[in-house]
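# Structural features, examined
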Amino acid sequence: MAEIDARIENIIQDVIRRNPGESEFHQAVTEVAETLAPVLRKYPHYAEHKIIERICEPERQIIFRVPWQDDSGEVHINRGFRVGFNSALGPYKGGLRFHRSVNLGIVKFLGFEQVFKNAITGMPIGGAKGGADFDPRGRSDDEVMRFCQSFMTELYRHLGEFTDVPAGDIGVGAREIGYLFGQYKRITNRYESGVLTGKNPSWGGSLVRKEATGYGVVYFVEEMLKARGETIEGKTCVVSGSGNVAIYAIEKLEALGARVVACSDSDGVVHDPRGIRLDTVQRIKEVERGRISAYADEHPQAAYQPAGNIWSIPCEVALPCATQNELDEASARALIANGCIAVGEGANMPTTPGGVRALLEAGVAYGPGKAANAGGVATSALEMQQNASRDAWTFEYTEQRLHEIMKDIHRHCHETAEEFASPGNHVVGSNILGFLRVAEAMVAFGVI
Ligand code: NDP
């Protein structure tokens, strides 16, 4: 017993020592490794094969210079990253993030999470992540295009539909995927649809991909509530962020009869007690690429709070859909005090370890991002399927597939948590489920 716990603690300390300064990566590894002791007890051969140690070390990490010129001719230098974390189950798969905060530690934390998430979907995809410390905010379309072209001019040699298949993430939406795909196609002289996902449906993308992460997190929450004899209908909800994930989470919550009273961006929070008008949010954020503060200018009943804490607004369901570590322990306690019964993570690792502990101890239904936001990458895998078969599915059929996948993810996490003596704990369920699927393949492949 003690030997296994000590072994896991050593693995965590080794990761911290060998990856200095990468706090988000340390956090992600610790959160997973701490739940794996029961697995090593039940399956000691995973310890012999050093599967945890190997899973914590990326298979490859690429860092490259991205030079580009702005509209005035000034030269800028950014740093590009792609971390291929694990390819035991399929080609590397995971999004690209363009945000000024991007560094190697953030990309590694996201890539590590992605390994487990992708395994949980049951689709044949490995885990990866990438991006650049480029901030698209305030940049013209031409500047974004030049940046994407420069980024892909290096990255293309590492990609391929059987090698590594990126998608979007923060700061990388349909516009960026278009420029990236255009440059890949031009350089390689191949129309290789399956090399990127999140494409526009008019040239190889899948319907529902845009909506998939947001819809998926709501489906996951619906399953968690169902297990407790509750429904989404009539619930008051709060959704942080106002980007791709947040917008479609709000859309699905409203479609299922909930009322979303608040959303946010990195500058502040908008609280509309009558219910957020999604059409206004979409126009401001998606069309005008503006700030959420403009919402309150148009809807006088709404309050805008610069740098406000969205989690202090009373709600029954909370969906963090912005970024990592946005929901800390104090915020979790505020949610609990206000009667929140479910938290579903649309973002990756949005809740701090103290926040997760508080939610679990209070008995809040908690859906970790690895499971709850897996609908996005699952639908990316459906996009790859359509590309491989030169087919295009209807919206209804694709959404039905997504819905089934989310129900399966919830059921499998639930069953795994029960099997490993932590009933109702989706952290344990998702970590172990993902680990077992990857570990089995890694053992089969030998020491590579
Ligand atoms: P977007 O760029 O479309 O939107 C991000 C939103 O979060 C924006 O409203 C942004 O505000 C806000 N935000 C970003 N950084 C911060 C910050 N540091 N503090 C506060 N708010 C911030 O990204 P996505 O919606 O695609 O991604 C959101 C989250 O979901 C990320 O954690 C991502 O990794 C995760 N995710 C995304 C998937 C996808 O399919 N897109 C799949 C699975 C997970 P602002 O407008 O001010 O920048």
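Residues numbered from 1 in each chain as written. Predicted model: local features only at pLDDT ≥ 70, side-chain atom pairs only at ≥ 80, totals over all residues. Heavy atoms only, no water.

## Describing the side chain of E113
- Examined against the element boundaries, E113 turns out to sit in helix 6 (residues 104–121).
- When residues no more than four places from it in sequence are discounted, the contact partners of E113 are A28, E31, M349 and K370. (Helix = DSSP H or I, 4+ residues; strand = E, 2+ residues; numbered from the N terminus. Contact = heavy atoms within 4.5 Å.)

## A closer look at the site of the ligand
- Around the ligand lies a shell of 26 residues, among which D169, T213, S266, R291 and N348 are the nearest.
- Between an oxygen atom of the ligand and a main-chain N or O atom of V245, the distance comes to 2.9 Å.
- The separation between an oxygen atom of the ligand and a polar side-chain atom of K285 is 2.8 Å.
- In the complex, the protein chains occlude 82% of the 890 Å² of accessible area that the ligand would expose alone.
- Among the elements of the structure, helix 9 (209–227) and helix 10 (244–255) are those that each provide at least two residues to the shell around the ligand.
- Per-class residue counts for the shell around the ligand are five nonpolar, 13 polar and eight charged.
- A domain split of the shell around the ligand shows at least three residues from each of domain 1 (60–194) and domain 2 (210–367). (Near = heavy atom within 4 Å. Polar contact = N/O pair within 3.5 Å; in protein donor to acceptor, adjacent residues only side chain to side chain. Areas by Shrake-Rupley, 256 points an atom, 1.4 Å probe, with all protein chains shown as cover. Nonpolar A, V, L, I, M, F, W, Y, C, P; charged D, E, K, R; others polar. Domains from an automatic or database assignment.)

## Some words on the domain arrangement of the chain
- Domain assignment breaks the chain into domain 1 (60–194) and domain 2 (210–367).
- The distance between the C-alpha centroids of domain 1 and domain 2 comes to 27 Å.
- With eleven residues of domain 1 at the interface, the matching set in domain 2 holds nine residues.
- Summed over both partners, the interface of domain 1 with domain 2 buries about 780 Å², with 39% contributed by carbon and sulfur atoms.
- For domain 1, the biggest contributors to the area lost against domain 2 are F109, R137 and R175; these three give 51% of the whole.
- Taken together, the links from domain 1 to domain 2 amount to one salt bridge.
- D267 serves as the salt-bridge partner of R137, at 4.0 Å between the closest nitrogen and oxygen.
- Here domain 1 is connected to domain 2 by three residue pairs in polar contact (both at pLDDT 80 or more). (Buried area = accessible area lost by both parts, 1.4 Å probe. Salt bridge = Lys/Arg side-chain N within 4 Å of Asp/Glu carboxyl O.)

## Section: helix 16 (residues 375–388)
- Between its terminal C-alpha atoms helix 16 stretches 20 Å, which fits the 20 Å expected from 14 residues at 1.5 Å a residue.
- Burial in helix 16 covers these residues: G375, G376, V377, A378, T379, S380, A381, L382, E383, M384, Q386 and N387.
- Along its buried surface, helix 16 packs onto strand 3 (92–98), helix 6, strand 5 (164–167), helix 9 and helix 17 (395–419).
- Downstream of helix 16 by a residue or two, R390 has a phi angle that is positive, lying close to 50 degrees. (Expected span 1.5 Å × (residues − 1). Buried < 20%, exposed > 50% of the residue type's maximum accessible area, 1.4 Å probe, protein only.)

## Section: the environment of I432
- Take I432: it is sitting in helix 18 (residues 426–445).
- Between the C-alpha atom of I432 and that of A227, which follows or precedes it by 205 residues, the distance is 20 Å.
- Residues contacting I432, with those up to four places away along its chain left out, are T35, L36, V39, T416 and F420.

## With respect to the pairing of strand 7 (residues 259–264)
- Counted residue by residue, strand 7 has five buried out of six residues, so it is predominantly covered.
- Where strand 6 (residues 236–239) meets strand 7, three bridges bridge the pair, whose relative direction is parallel. For V238, the partnering residue across the bridge sits in strand 7 and is A262.
- Direction of pairing for strand 7 relative to strand 8 (residues 268–271): antiparallel, over a ladder of three bridges. Paired with S264 across the two strands is V269, which belongs to strand 8.
- Between strand 7 and strand 8, which pair antiparallel one after the other, the connecting turn spans three residues. (Pairing = 2+ DSSP bridges.)

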